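# Structure at a glance
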Amino acid sequence: MPFVDIPSRGDYVSLWYRTNSVYGNVGSFDPSKPTIIMLHPLFLDSTWLQRHFDDPRLSLQYNTIAFDQRTMGRSRCRPSELHDCYVDAADLALAMQALFLPACHFLAFECIAVNAVLRLTALWPELVLSLTLCNVPPPTELKWVFNAYDELLQLWCYAADLDAFEHAASEVVTFMTGETSNTDLQDALIAYWEAWTPPTKRLRIVELVNIMMNRTPLTQKELACIRCPVLIIQNEQSDVAPLKHAENLKKQLINAKGDIPLFTIKGAKACMSIMPGSASLVNQAFSKFLATLPKARTDLIPPKIPVSERTKMALRTLGDLIGDPSYAQRDPRSILSFSCVSSEVARSQLENLRFYARDIESAYCPLGRDGRPLRKYSERQKSHWFHGDHRGMSQIDSAALLVAQKNYKSQSPERPIAGQLTANGNDLVTEDIAQDGRMRRTTFNTNSVEKQVVKGSMTKVVTQSAGVKTNNQGNPLPRVGGFL
């Protein structure tokens with residue numbers, strides 16, 4: 001499971017990948033088998049694709065490889081305001097050529113993976129045997145999803161203590177899976193985020209959210225370039241990726257080879273790759289789909305066209321697709337040349353990254369000295385006033401409340417004025433802006449505060465409503481126990 005370094009002028013990219021081969025690299029692939037490239041879901045990395053790697057319906061018949069996206073897992077990159085889904089597509093194409101991989105079958109999960117592989121197919125069609133798209137997202141992010149990530153990002157990046165970080169992470173778990181009762185899954189996800197994306201590494205999450213929130217829809221001309229076989233697998237009840245968007249994409253892929261099957265997982269909500277039942281159904285549908293396609297080989301030979309020349313051709317194609325001939329003159333030795341981020345969006349994202357980079361060295365780290373999580377999420381002590389016991393009763397701890405106030409005031413930065421860092425200068429997201437693909441405010445919201453922290457004058461209101469005696473200044477007096 002090594003890295004593949006991608007030379008790039010003005011940029012730095014090193015992608016981690018894993019395989020199902022004996023020695024963990026592509027050199028031990030079976031040349032008689034086709035190869036599957038898996039792209040992991042949002043906020044996770046390739047380790048969360050284990051349910052697909054271990055399935056004998058795939059592992060016995062195919063070589064399998066999965067790359068960590070440049071801002072997740074073990075992959076490394078230099079933060080950039082120009083990062084978008086076309087840059088992710090170029091990462092995949094250059095990594096495949098660096099490893100001498102032939103055309104492969106792609107299995108992509110959720111928002112960024114689906115958008116990247118569609119763009120890859122449009123620019124490098126010879127690298128793609130087939131596409132399997134899981135949970136096709138909307139063309140641009142839904143407004144309520146945008147608002148939810150806006151608040152969650154603030155909670156995540158500026159968590160002052162372990163309770164605050166776990167609270168933010170648990171909200172993301174619920175948002176991703178739609179479940180609150182699966183404690184084992186909660187523990188595993190939160191432990192992963194504590195290790196790989198704590199507040200000390202918040203720029204990775206900020207850059208990822210920038211890509212997701214500021215993406216623009218693929219045009220009909222871009223979608224018409226996709227001519228390979230396509231399978232779409234969609235959760236029936238996903239709020240983040242409603243079924244209608246998968247149906248719309250199916251209609252727009254007018255040049256895809258053959259019919260486009262749309263397999264719906266009944267009753268499923270989200271994250272089909274990490275839910276055991278959904279993952280098994282994905283493997284079943286995917287393996288049956290691949291069985292209908294011609295058999296291919298995996299012969300590791302250098303590309304017929306030199307990488308630099310092929311990159312120039314891809315830049316010319318991109319310029320034709322978006323109507324900008326200047327792309328053909330861009331530096332083919334830089335992956336960021338494929339960026340389609342407008343200048344105003346790039347400026348806004350750069351200010352965004354600079355804002356979150358402030359005081360990052362003093363950000364809270366939820367790991368112990370041994371580099372491991374301090375506890376399981378399910379083992380936390382529920383001492384906050386909104387946590388109930390087994391009888392449904394809750395108890396307030398005034399001392400803990402005062403400590404939380406002090407921590408919040410000392411850790412939370414001053415936020416910019418609402419709308420200050422948006423490209424359109426507006427504070428609200430309208431349907432027109434979303435459909436036009438213009439820059440939207442992804443992380444700055446004057447209403448984004450930690451909901452679990454009661455601060456300022458609200459202390460008096462909360463303590464009085466809870467039956468807690470206060471002094472003349474409104475501060476709670478010490479008391480022993482007491483049920484609300």
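Scroll up for the structure.
Let me begin by describing the structure that accompanies this report. Not measured: the values here are computed from a predicted model. (Residues numbered from 1 in each chain as written. Predicted model: local features only at pLDDT ≥ 70, side-chain atom pairs only at ≥ 80, totals over all residues. Heavy atoms only, no water.)

### Topic: the packing of aromatic side chains
Worth spelling out the cut-off: Each Phe, Tyr or Trp ring, with Trp reduced to its six-membered ring, pairs with another whose centre is within 6.5 Å; inter-plane angles below 30 degrees give stacked pairs, above 60 give edge-to-face pairs, and intermediate values give tilted ones. Working definition: helices are DSSP H or I runs of at least four residues, strands are E runs of at least two. Numbering for both runs from the N terminus. Burial classification: accessible surface area is computed with a 1.4 Å probe over protein chains only, and a residue below 20% of its type maximum counts as buried, one above 50% as exposed, and the rest as partly exposed. A ring has a charge above it when a Lys NZ or an Arg CZ is no more than 6 Å from the ring centre and no more than 35 degrees off the ring normal.
Under the definition given, this model contains 13 aromatic pairs. Judged by centre distance (6.4 Å) and plane angle (70 degrees), the rings of Y158 and F355 are edge-to-face. In this pair, Y158 is assigned in the loop between α5 (143-157) and α6 (162-177) and F355 in helix α13 (residues 343-357), connecting sequence segments 197 residues apart. With 5.3 Å between their ring centres and 90 degrees between their planes, F355 and Y356 make a pair best called edge-to-face. For Y356, a relative accessible area of 0% translates into the label buried. Looking at R18, its charged tip hangs above the ring of F53, at a distance of 4.9 Å from the centre. Taking the ring centre of Y327 as reference, the NZ or CZ of R330 above it sits at 3.8 Å.

### What about the pairing of strand β4 (residues 63-67)?
The condition that has to hold: Think of it this way: DSSP has to see at least two bridges between two strands before they count as a pair.
Summarising burial for β4: five of the five residues are buried, a large majority. Side chains of β4 alternate between two faces, with N63, I65 and F67 and T64 and A66 buried alike. Bridge count for strand β2 (residues 13-19) against β4 is three bridges, and the pairing is antiparallel. Looking at the pairing, T19 lines up with I65 of β4. Pairing geometry for strand β3 (residues 35-39) and β4, over five bridges, is parallel. When the bridges of β4 are listed, T35 appears paired with N63.

### Some remarks on the pairing of strand β9 (residues 262-265)
Walk down a regular strand and you will see the side chains alternate between the two sheet faces. As a reminder, the rule being used: Handedness is read with the strands pointing away from the viewer; a crossover is right-handed when the path from the first strand over the helix to the second is clockwise.
For strand β8 (residues 230-235) and β9, the ladder comprises four bridges, and the chain directions are parallel. Bridge assignment links I233 to a residue of β9, and that residue is F263. Each parallel crossover has a hand, and for β8 linked through helix α10 (residues 243-252) to β9 it is right-handed.

### So, the packing of α6 against helix α7 (residues 183-196)
Filter applied, for reference: Helix axes use the C-alpha atoms of the stretch in contact, all axes being lines fitted to C-alpha atoms, and the angles between their N-to-C directions lie in the range 0 to 180 degrees. Comment on the angle field: the value is read as roughly parallel under 35 degrees, roughly antiparallel over 145, roughly perpendicular from 65 to 115, and oblique elsewhere. Should the near helix be turned counterclockwise from the far one by less than a right angle, the crossing is left-handed, whereas a clockwise turn marks it as right-handed. The contact criterion used is simple: two residues touch if any of their non-hydrogen atoms lie within 4.5 Å. Polarity classes work like this: nonpolar for Ala, Val, Leu, Ile, Met, Phe, Trp, Tyr, Cys and Pro, charged for Asp, Glu, Lys and Arg, and polar for all others, with Gly in that last group.
It is the contact of α6 with α7, at a shortest axis distance of 10 Å, that shows an interaxial angle of 120 degrees. On the basis of their axis angle, the class for α6 and α7 is oblique. The two elements α6 and α7 cross, and the hand of that crossing is right-handed. Within the contact between the two elements, α6 uses L162, F165, E166, A169, S170, V172, V173, M176 and T177 and α7 uses L185, Q186, L189, I190, W193 and E194. The residue inventory of the contact of α6 with α7, partitioned by class, reads 10 nonpolar, three polar and two charged.

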